[in-house]
Structures are given as structure tokens and as C-alpha cells.
Amino acid sequence: EDKVVQSPLSLVVHEGDTVTLNCSYEVTNFRSLLWYKQEKKAPTFLFMLTSSGIEKKSGRLSSILDKKELSSILNITATQTGDSAIYLCAGFTSGTYKYIFGTGTRLKVLA
Amino acid sequence: NAGVTQTPKFRILKIGQSMTLQCAQDMNHNYMYWYRQDPGMGLKLIYYSVGAGITDKGEVPNGYNVSRSTTEDFPLRLELAAPSQTSVYFCASSYSGQGANEKLFFGSGTQLSVL
């Protein structure tokens, strides 16, 4: 059965800290891994990764995929209180065209 | 460009009632999905569709039905509502699964309570 596991489940840091969120996947016919940020309501897109070893960056956020280890990490540097959210990762399978989500990591950044 | 539109935003049902959650997208996306999110949990797939006339079950389909008569619309039907269906429901869509089009777009969600 396809599954995506995220760790840690929750994390509390102080502003300015750097955090690393983990995502491991077991997805048949894996095609891509996506990261989303969820604040009040709907998830918002952060990154999509398809190739191993290529880092995607957007400001203080970056992510990389390791297809050999079936995992991905999301790094946030110089955290701010506005980074407080649930971070979700999802594996996309080209076999059934489903997105399989992990349970998310709840990040709280203290001022 | 409206994106993915869900209605209603909030709803309270009594046990045994039925309702339909509406979802429409105007991006000409082939694939559409219904997820539910329970408090503190990730997204669980209820049903999905890869095109008009084609639907398939996800992880948690029991108690729900869907139809896809047009590319734009993908309503979710709850029959005989139960307290276990209290959740936030998200509709999402994506294009064809090729390259950058695998990005999944979400509606704003429906908060449903069954009492």
C-alpha cells in the first residue's frame, strides 16, 4: 500500500532557528513529490520535485529529493513567526494518478 | 480566474441527513480529487476522477458518492450523515500529471459538522 510518512509530527522553535522537515515515501510508480504549507485553511503549494539531488529554492525555503533513499527534506532558514503552519508532503503516482499525503509536520515558531 | 471553487464553506447536518458538497474548477483540469482532513491529521483521499465519466475510490470512500458528468464539476454526496463524517473537506484539481502540471490546486474547504 502506498504511504508517505513525515517527521517530526510537531516542532517548536524560536525565530531565527533553522529547521529541517522530513518526508519518506513508498509510492508505486512514483513520479513526483510535492510540499505544501497549510495555515488557516487550504494548503498552498511550495515545491514539486521530480529529479533526485536537484535543490529547489524559494527565499528561505529549500527542498531536495533523494530517490535512492525514497525521501525528501524541506529546510527553512532564519524562521519567522509567519512560518508557523502545518507542512504537508505528498507523493504523486503515475500509475493511478493519486496524490498520497503524509500526516504533516506542525511547526510553531516563537517570537 | 476563480481556480477551484467549493460550496458551502460551512454546514451543520443532523445525523441521517444528506447533502452535496459542490466543487467546480475553471482551469480545464482533467483530474479532480476529494480529500477529508480530520483535526491534527493529514489529507485522506475519498474519491477521485481522471476525466468526465470516470471516478474511482480513494482510501476512505464509505458513506460518500461522487459523479463527474462534466470536466468542470465534481460534486461529493453524503448519504445518511454520521458523526464520523465531521471533518474539513477539500476539493482539488490538477491538469494531466505531466511535468509541471502535476501541481495540485485546492479549493478553500468545507467545514462540516454532523450532530
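Only a predicted model underlies this, so the values are computations on that prediction, with no experimental measurement involved.

Chemist: What is the right way to read the overall build of chain A from this model?
Modeler: The number of helices and strands found in chain A is 0 helices and 11 strands. Starting at the N terminus and walking to the C terminus, you meet the elements of chain A as β-β-β-β-β-β-β-β-β-β-β. Relative to the globule expectation of 13 Å for 111 residues, the C-alpha radius of gyration of chain A, 13 Å, shows essentially globular dimensions. When its C-alpha atoms are laid out on the principal axes, chain A stretches across 45 × 25 × 20 Å.

Chemist: Sorry if this is basic, but what is going on with the nonpolar core here?
Modeler: As a rule of thumb, soluble globular proteins bury nonpolar side chains together. Counting residues in each nonpolar core, the largest one holds 22 residues, and the members touching the most others are A:Val4, A:Tyr25, A:Leu33, A:Trp35, A:Tyr87 and A:Leu107. Secondary structure elements with two or more residues in this core: strand 3 (19-26), strand 4 (30-38), strand 5 (44-49), strand 7 (61-66), strand 8 (71-76), strand 9 (85-93) and strand 11 (105-110) of chain A. The greatest single-element share of this core, amounting to 4 residues, is contributed by strand 3 of chain A. Those residues in contact with A:Tyr25, other than ones at most four positions away along the chain, are A:Lys3, A:Val4, A:Phe30, A:Leu33, A:Leu65, A:Asp66, A:Lys67, A:Leu70 and A:Ser71. Listed in part, the 20 residues of the second largest apolar core include A:Phe92, B:Tyr31, B:Ala92 and B:Leu104.

Chemist: Looking at this structure, how should I read the sheet that holds strand 7 (residues 64-66) of chain B?
Modeler: The strands making up a sheet are joined through hydrogen bonds of the backbone, oriented either antiparallel or parallel. Residues and elements named next belong to chain B. Spatial strand order, 1-3-8-7: 4 strands in an open sheet with antiparallel pairing. The outermost strands of the open sheet, each flanked by one partner alone, are strand 1 (4-7) and strand 7. The sheet shows a mean angle of 20° between the axes of neighbouring strands, taken without regard to direction. When strand 3 (residues 19-25) meets strand 8 (residues 76-78), the two strands line up antiparallel, connected through 3 bridges. Each residue of the ladder has a partner; that of Leu21, found in strand 8, is Leu76.

Chemist: Is there a simple way to think about the interface of chain B and chain A in this case?
Modeler: Interface size, as often reported, equals the accessible area lost upon joining of the parts. Taken together, the contact between chain B and chain A spans 25 residues of the former and 21 residues of the latter. Roughly 1900 Å² is buried in total at the junction of chain B and chain A, and carbon and sulfur atoms are behind 58% of that figure. A per-residue breakdown of the area chain B buries against chain A is headed by B:Leu43, B:Glu102 and B:Phe106, which together make up 25% of the total. For the pair chain B and chain A, the number of links is 1 salt bridge. The partner of A:Arg31 in a salt bridge is B:Glu102, and the shortest N-O contact between them spans 2.3 Å. At the boundary of chain B with chain A, the tally comes to 10 residue pairs in polar contact (both at pLDDT 80 or more).

Chemist: Explain the state of the cysteines here, please?
Modeler: When the sulfur atoms of two cysteines share a covalent bond, that bond is a disulfide. Residue and element names in this part refer to chain A. One pass over the full model with this rule turns up 2 disulfides over all chains. A sulfur-sulfur distance of 1.9 Å marks the disulfide that ties Cys23 to Cys89. Linking Cys23 and Cys89, the disulfide has an S-S dihedral of approximately 80° and is accordingly described as right-handed. One end of the pair, Cys23, is in strand 3; the other, Cys89, is in strand 9, with 66 residues separating them in the sequence. Classification of Cys23 by relative accessible area gives buried; the value is 2%.

Calculation rules
Residues numbered from 1 in each chain as written. Chains lettered and ligands numbered in written order. Predicted model: local features only at pLDDT ≥ 70, side-chain atom pairs only at ≥ 80, totals over all residues. Heavy atoms only, no water. Helix = DSSP H or I, 4+ residues; strand = E, 2+ residues; numbered from the N terminus. Rg over C-alpha atoms; globule rule 2.2 N^0.38 Å. Core = buried A, V, L, I, M, F, W, Y, C linked by side-chain atoms within 4.5 Å. Buried < 20%, exposed > 50% of the residue type's maximum accessible area, 1.4 Å probe, protein only. Contact = heavy atoms within 4.5 Å. Pairing = 2+ DSSP bridges. Axes fitted to C-alpha atoms, helices over the stretch in contact; angles between N-to-C directions. Buried area = accessible area lost by both parts, 1.4 Å probe. Salt bridge = Lys/Arg side-chain N within 4 Å of Asp/Glu carboxyl O. Polar contact = N/O pair within 3.5 Å; in protein donor to acceptor, adjacent residues only side chain to side chain. Disulfide = S-S within 2.5 Å.

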